[in-house]
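Results of the structural survey
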4 protein chains.
Amino acid sequence: MSIRVGIIGISGFGGGETMRLIAGHPSFELVYAAGEGSAGRRLVDRFPGVPAKLADMVIEKWDPATLPKLDVLFASLPTGTSAEALARVSKDVKIVDIGGDHRYVEGWAYGLADVWPDRIEGRSRVANPGCFPAATLTALAPLLADRLIEPGNIVIDAKTGISGAGRGGADSRFGYAESNENLVPYGLLKHVHMPEMARTIEQLSGGSAAGLVFTPHLVPMTRGLLATIYCRGRVTTAECLDAARRFYAGRAFVRVTDTPPQTKWASGSNLAFVSYAADPERDLVIAMGAVDNLGKGAAGQAVQNANLICGLPETAGLEGVPVWP
Amino acid sequence: MSIRVGIIGISGFGGGETMRLIAGHPSFELVYAAGEGSAGRRLVDRFPGVPAKLADMVIEKWDPATLPKLDVLFASLPTGTSAEALARVSKDVKIVDIGGDHRYVEGWAYGLADVWPDRIEGRSRVANPGCFPAATLTALAPLLADRLIEPGNIVIDAKTGISGAGRGGADSRFGYAESNENLVPYGLLKHVHMPEMARTIEQLSGGSAAGLVFTPHLVPMTRGLLATIYCRGRVTTAECLDAARRFYAGRAFVRVTDTPPQTKWASGSNLAFVSYAADPERDLVIAMGAVDNLGKGAAGQAVQNANLICGLPETAGLEGVPVWP
Amino acid sequence: MSIRVGIIGISGFGGGETMRLIAGHPSFELVYAAGEGSAGRRLVDRFPGVPAKLADMVIEKWDPATLPKLDVLFASLPTGTSAEALARVSKDVKIVDIGGDHRYVEGWAYGLADVWPDRIEGRSRVANPGCFPAATLTALAPLLADRLIEPGNIVIDAKTGISGAGRGGADSRFGYAESNENLVPYGLLKHVHMPEMARTIEQLSGGSAAGLVFTPHLVPMTRGLLATIYCRGRVTTAECLDAARRFYAGRAFVRVTDTPPQTKWASGSNLAFVSYAADPERDLVIAMGAVDNLGKGAAGQAVQNANLICGLPETAGLEGVPVWP
Amino acid sequence: MSIRVGIIGISGFGGGETMRLIAGHPSFELVYAAGEGSAGRRLVDRFPGVPAKLADMVIEKWDPATLPKLDVLFASLPTGTSAEALARVSKDVKIVDIGGDHRYVEGWAYGLADVWPDRIEGRSRVANPGCFPAATLTALAPLLADRLIEPGNIVIDAKTGISGAGRGGADSRFGYAESNENLVPYGLLKHVHMPEMARTIEQLSGGSAAGLVFTPHLVPMTRGLLATIYCRGRVTTAECLDAARRFYAGRAFVRVTDTPPQTKWASGSNLAFVSYAADPERDLVIAMGAVDNLGKGAAGQAVQNANLICGLPETAGLEGVPVWP
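By the naming in an unreviewed UniProt entry, chain A is N-acetyl-gamma-glutamyl-phosphate reductase, taken from Methylobacterium variabile. Per UniProt, chain A has the following entry under Sequence similarities (unreviewed entry): "Belongs to the NAGSA dehydrogenase family. Type 1 subfamily."

Here you go:
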């Protein structure tokens, strides 16, 4: 018996990637797709490689009033627009919000699926973490849970592919010629992803994240996100790796590696690669997390969350091997 | 009951992509992997994102004498090296040679799977087409079969991503800094893929391909291959599109589009996109074929051929939707 | 005594590159800059690396009525907008129009500077060739002049970097994530650059260009343009190379090479690299031309034309060595 | 009267860029070029766009015994090989070593040209800083000199284009297909550039750099290097910017910007862009330095150092405006 799912914001990168994963999912059936720019067009007009079974589905203009019967709704809307859009969706429809509006909002689980699946199972409203928090918190969680680092003294230097900025066109800064061969720091000291990272660090450590520093950078690649995280703690590299292997024992999507992770390792998948380098002499721990910003950073994590709230195997539809090269 | 498969040359791009597809295949089970450079290492050391079930498989040094029991063997070896390597493999083992040594060789089917599956079904030796022929011939076949163009007056201008040159390292020409922001024509008037294209054009048309011209170019992208083909014929664009839609009716992997195909449409998949633009006034037909050079151009086509010779559904393990963006 | 120059459309890629070349020119002094999007901003706000002497120049809103005293005006406006804009400029001001409105227009020289400098010297109105014609015609001119190929049977397959599409932002097709790892044919059978190529081919050969075919492709790189041109003629490679070496003897910017030219060879310069491969048996000549689409394809050629009409050494301000890698 | 210069290691990226700058230098004349791989070939065979005056110069096999009369020698050799190679060069020849062997070696000036030109003027042996130190120390110098940050608590997260790894070919890790769409941290806690950074930080601050942390990353672009540096200090952003503007007042190549610097701003030039973001509440200062790793990070700085030791204007041959886009 298939589970009926819909996607809002299918024209965007996150929505498109969700469609790709749903198309290959053993239990989910896409029965509804809505988008702004591409409303009225068929899926095949927007995604020329879409399977025949989905080719002629028409992209609707989003309207909660005309929603068909759905079991699960994925929302991939610009931050600031989903709160109102989703308020009118029936309680009977489970929702995974890939956008930012419901993170740490009452009644919504924060869907850090590899870290606390138990907080997500059985819920009907899940807020997907941002792409930067997904990579950062997956790398930090084992160290924070074991009190190996100080929660109040964490510096996150993160680098993302340009798909993280959303579809081009709106802004010439993301034009090919402007972005190619360019590396751009932005949002210093005030990025929108900071609060959810601080809240989660505090929940995992029981301490204050007061000193948190986060600097994102745009890197000239389409996909991929790396967080290089500088922490204080008197611990060895081996102890960090061991803590992570224990923390993620039996978990499907987190790979703990001895060598620094590369973003391409995760390309097209829901995997997260984490590693560590520590020097107790210098009271220093470097944690690293590499993901596909559209996979574990968006659509992959969203499908994993949907699996959890639907009582499906966590890996359903997410077993694809990363694309290399 | 699973089918036991092996891969030779797994360290290369074609072999690695074959592994990725086998890992997600419903009937094939990878039981043997051999490679030169990476012999002795585990698959997970070479491919950090490989599934747990394959992680600890050790890459062997290729030796036909120590081959385990296999049903199908995929060979992805440099052209010139596979003829001898495969001569000593038992007749009981079906072989798909992704390399160039057995194309139009006695006893080997030429595996142009979308064009003539009937020539492949039930065979035990299949030579996979080269990446350029895969894109070119898939676009030309309908026009040649319907005698809409002259077989003796075809100009192929082809562009491939750099993974088509094989793994970097051997040659600084394929180093990142040398290749990035560079467009390189090569192999003018004498590329190794010309004979198989000429032979196939003649088989499809019944005429001579004497005047065939083929110019490959290296384009600064990892994957993707486009063939832009200039032909002579008094036919309209609509007639070409119609011929292609009839020729590929009911076929799973060829998409005939009204607009010029883009390589990214096929990325990570076994799809081929073909389109046409014709001007009867000028006796001109432009045929275009876009593929992923490692998908339809190598590993995807190889798995499709393996499905055909094993009597499996042609699409088994090949239903992944292209990765976008 | 310096020559006072102005640039209209300085915010665009062509206008910006013209500014870069003027800034290093021994005789030209930039005294006026106008742009749409960036009007009111200082040059340094738009181009952070601009020399101190130009940093505080304010970009004006274009208005012919408020033009300062100028000797030369460079116009880099979208095709269709420069005809009216330039009609009201005083006859005393020499103009080089980088845009497309004045190509083969009465009273304007067609500025194919390396091919016919004598047609440009002493003129006061020059229409700069398009980027595709610049590469194509520079490669074809020697063969046409010597009647080595048929003018009526020429197929041009051209590939350009994405800066050729103008600044991003207007169109998501040119966004980084959409353009990266993608190869896109466009404008089949009806590109705006065809007429100027046909006209020039006819002037150079004395024959008809009736059968001209031109297919442009967008390649994922910022700069660089290659034209691969398929012609009919019973001539050897050596004869083509020899004709080109004679045609361009003593000319500064055209390099005739024995091996196929690569776009990166010309990056950041006004150079054009041409080469040939011919097979008399097949009545086939392949001509190749590689340029920087913003150099010889736009701003470099424009400055060369300005040098010619000002009676300066043709190479003034254009002696920079290409950037590698 | 021209100054006779030679380049060792001209086949590499640093040597090639030095040649490009020398070719446009008003006082330097290239009279000698040596290289390993390309010995025996002409410059034009290696650099197709080289000016006519240099085209036929033959690249020598390096041999101090057969050195022609030189005033200045630029050495761009792999670290570990230049100490011995240069030991036998006559004291009459001024040397700028772009490689790493002579940094903080007795008798050699450390050529941080924008920070302490007075330590370089009049010397005959200069060790060029590494690319990472060039960007990092240029950004930190004003803060250290004014005691605005703690020298003992500095975390450097640096990102470089792949040309920083030297020419491809030696190592498949730098092949296009492996490097494209990939972001790679490396050399954690033990990069070869750390000692020169620590020594310089101590000289500028008078304090200990004991806690220095440095993590380099390979980014998929050819050129460009950004250092994002996390420091401790109770100071405002405005105070940092003001300190930098005072420190670099009247200096030609350092641009202090209010917004975070982007690597493309410096592309092809000897410029360094520095900026700062500070939060006294959190005792936090973020310093940023963006350069072209082959410009200020190698050849540009080398020519600037050569100008200083030859008593030429510091900007001679280095006035080129950055290439954009």
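Now that the structure has been shown, the text picks up again.
Points about the overall build of chain A
Across its full length, chain A holds 9 helices and 13 strands. Computed over its C-alpha atoms, the radius of gyration of chain A comes to 19 Å, within 12% of the 20 Å expected for a compact globule of 325 residues. In terms of its C-alpha atoms, chain A occupies a principal-axis envelope of roughly 60 × 45 × 35 Å. Counting all 325 residues of chain A, 69% fall into the buried class. Put simply, 71% of the contacts in chain A that link residues at least 6 apart link residues at least 24 apart.

A word on unusual backbone geometry
Residue Pro325(B) is bonded to the preceding Trp324(B) through a cis peptide linkage, with omega at -5 degrees. Examined against the element boundaries, Pro325(B) turns out to sit in the segment after helix 9 (295-309). A positive phi angle, close to 55 degrees, is found at Arg147(A), a residue other than glycine. Positive phi values are uncommon outside glycine, yet Asp283(D) reaches one of about 55 degrees.

What about the relation of the copies chain B and chain C?
Aligned on chain C, chain B shows an RMSD of 0.0 Å; the corresponding rotation is 180 degrees and the shift along the axis is 0.0 Å. The superposition of one copy onto the other is thereby described by a two-fold rotation axis. Every residue of chain B has its C-alpha some distance from the rotation axis, and the shortest such distance is that of Pro220(B), at 3.3 Å. Of the residues that chain B buries at the interface, 98% are likewise interface residues in chain C, meaning the two copies contact each other through the same surface.

Some remarks on the domain arrangement of chain A
Residue and element names in this part refer to chain A. Looking at chain A, the domain boundaries give domain 1 (3-128 + 297-310) and domain 2 (131-293). On the domain 2 side, the residues contacting the 21 residues of domain 1 number 27 residues. The contact between domain 1 and domain 2 buries some 1,900 Å² in all, and 51% of this surface belongs to carbon and sulfur atoms. For the pair domain 1 and domain 2, the number of links is 2 salt bridges. With a shortest N-O distance of 2.7 Å, Glu17 and Arg223 are connected by a salt bridge. At the boundary of domain 1 with domain 2, the tally comes to 12 residue pairs in polar contact (both at pLDDT 80 or more). Elements with a contribution of two residues or more to the side of domain 1 that touches domain 2: helix 1 (13-23) and helix 9 (295-309). The element that contributes the greatest number of residues to the side of domain 1 that touches domain 2 is helix 9, accounting for 5 residues. Broken down by class, the residue content of the side of domain 1 that touches domain 2 amounts to 9 nonpolar, 6 polar and 6 charged.

Structural notes on the packing of aromatic side chains
For the coordinates displayed, the defined rule picks out 34 aromatic pairs over all chains. Residues Trp265(D) and Phe273(D) carry aromatic rings whose centres are separated by 5.4 Å and whose planes lie at 70 degrees to one another, so their mutual orientation is edge-to-face. Trp265(D) gets classed as buried once you look at its relative accessible area, which sits at 16%. What links up through ring pairs into an aromatic cluster is the set Phe13(A), Phe47(A) and Trp324(B). Over the aromatic face of Trp116(B) sits the side chain of Arg119(B), whose NZ or CZ is 3.7 Å from the ring centroid. When the ring centre of Trp108(D) is taken as origin, the NZ or CZ atom of Arg125(D), which lies over that ring, is 6.0 Å away.

A few points about the UniProt feature "domain: Semialdehyde dehydrogenase NAD-binding" (unreviewed entry) in chain A
The positions that UniProt labels "domain: Semialdehyde dehydrogenase NAD-binding" (unreviewed entry) are, in the present scheme, residues 4-123 of chain A. Strand forms 18% of residues 4-123 of chain A and helix 21%; the C-alpha atoms that close the span are 17 Å apart.

As for the sheet that holds strand 1 (residues 3-8) of chain D
Residues and elements named next belong to chain D. Strand order in the open sheet made by the 6 strands is 2-1-3-4-6-5, with parallel pairing throughout. The open sheet has two free edges, formed respectively by strand 2 (28-34) and strand 5 (109-110), since each of these has just one partner strand. Across 2 bridges, the pairing between strand 5 and strand 6 (residues 125-127) is parallel. Across the sheet, Ala109 pairs through a bridge with Val126, a residue of strand 6. Across the sheet, helix 1 (residues 13-23) lies against strand 1, strand 2 and strand 3 (72-75), angled at about 160 degrees from strand 1, the strand it touches most.

What about the pattern of salt bridges?
Tallied over the entire structure, the rule returns 64 salt bridges over all chains. Across the salt bridge formed by Asp56(A) and Arg42(A), the nearest N and O atoms sit 2.9 Å from each other. Of this pair, Asp56(A) sits in the loop between helix 3 (52-55) and strand 3 (72-75) while Arg42(A) sits in the loop between strand 2 (28-34) and helix 2 (43-46), placing them 14 residues apart in sequence. The exposure class of Asp56(A) is exposed, given its relative accessible area of 54%. The shortest N-O distance in the salt bridge between Asp279(C) and Arg282(C) comes to 2.9 Å. Through salt bridges with shared partners, one network takes in Glu17(A), Arg20(A), Arg223(A) and Asp292(A).

Things to note about the UniProt feature "active site" (unreviewed entry) in chain A
All names here are of chain A. The feature "active site" (unreviewed entry), as given by UniProt, occupies Cys131 in the numbering adopted here. With respect to the element layout, Cys131 can be found in helix 5 (residues 131-145). Apart from the residues lying within four places of it in its own chain, the contact partners of Cys131 are His193, Leu225, Asn293 and Gly297.

Quick notes on the environment of Val72(A)
As for its position among the elements, Val72(A) is in strand 3. Apart from residues lying up to four places away in sequence, Val72(A) is in contact with Ile3(A), Arg4(A), Val5(A), Gly6(A), Val93(A), Lys94(A), Ala306(A) and Cys310(A).

What to know about the side chain of Asn270(A)
Residues and elements named next belong to chain A. Here Asn270 is to be found in the loop between strand 11 (254-256) and strand 12 (272-279). Relative accessible area serves as the criterion here: at 4%, Asn270 is assigned to the buried category. For Asn270, the side chain forms a polar contact with the main-chain nitrogen of Gln301, separated by 3.1 Å. Among the polar contacts made by the side chain of Asn270, one reaches the side chain of Gln304 at a distance of 2.9 Å. Setting aside anything within four residues of it in sequence, one finds Asn270 in contact with Phe253, Gly295, Lys296, Gly300, Gln301, Gln304 and Leu318.

As for the interface of chain B and chain C
Chain B puts 45 residues into the contact, and the matching count from chain C is 44 residues. In total, about 3,700 Å² of surface goes out of reach between chain B and chain C, with carbon and sulfur atoms giving 62% of it. Linking chain B with chain C are 2 salt bridges. The partner of Asp157(C) in a salt bridge is Lys159(B), with the nearest N and O atoms 3.0 Å apart. At the boundary of chain B with chain C, the tally comes to 28 residue pairs in polar contact (both at pLDDT 80 or more). Counting only elements with at least two residues in the side of chain B that touches chain C, the list comes to strand 7 (155-161), helix 6 (176-179), strand 8 (184-185), strand 9 (213-219), strand 10 (225-232), strand 12 (272-279) and strand 13 (284-291) of chain B. Partitioning the side of chain B that touches chain C into residue classes produces 26 nonpolar, 10 polar and 9 charged.

Focus on helix 1 (residues 13-23) of chain B
Counting buried residues in helix 1 of chain B gives 11 out of 11 residues, a clear majority hidden from the surface. Taken together, the buried positions of helix 1 of chain B are Phe13(B), Gly14(B), Gly15(B), Gly16(B), Glu17(B), Thr18(B), Met19(B), Arg20(B), Leu21(B), Ile22(B) and Ala23(B). Looking at the packing, one finds that the buried side of helix 1 of chain B touches strand 1 (3-8), strand 2 (28-34), helix 3 (52-55), strand 3 (72-75) and helix 9 of chain B together with helix 6 (176-179) of chain D.

Details of helix 8 (residues 237-247) of chain A
All names here are of chain A. Every buried residue belonging to helix 8 is among Cys240, Leu241, Ala243 and Ala244, and all of these are buried. Buried residues along helix 8 cover an arc of 160 degrees about the axis, so they all sit on one side. Buried residues belonging to helix 8 abut helix 5, strand 11, strand 12 and strand 13 (284-291).

Calculation notes
- Residues numbered from 1 in each chain as written.
- Chains lettered and ligands numbered in written order.
- Predicted model: local features only at pLDDT ≥ 70, side-chain atom pairs only at ≥ 80, totals over all residues.
- Heavy atoms only, no water.
- UniProt positions renumbered as here; feature names shortened; annotations may be inferred.
- Helix = DSSP H or I, 4+ residues; strand = E, 2+ residues; numbered from the N terminus.
- Rg over C-alpha atoms; globule rule 2.2 N^0.38 Å.
- Buried < 20%, exposed > 50% of the residue type's maximum accessible area, 1.4 Å probe, protein only.
- Contact = heavy atoms within 4.5 Å.
- Least-squares fit on C-alpha atoms with pLDDT ≥ 70 in both.
- Domains from an automatic or database assignment.
- Buried area = accessible area lost by both parts, 1.4 Å probe.
- Salt bridge = Lys/Arg side-chain N within 4 Å of Asp/Glu carboxyl O.
- Polar contact = N/O pair within 3.5 Å; in protein donor to acceptor, adjacent residues only side chain to side chain.
- Nonpolar A, V, L, I, M, F, W, Y, C, P; charged D, E, K, R; others polar.
- Phe/Tyr/Trp six-rings, centres within 6.5 Å; stacked < 30°, edge-to-face > 60°.
- Lys NZ or Arg CZ within 6 Å of the ring centre and 35° of its normal.
- Pairing = 2+ DSSP bridges.
- Axes fitted to C-alpha atoms, helices over the stretch in contact; angles between N-to-C directions.
- Arc of directions from axis to C-beta.

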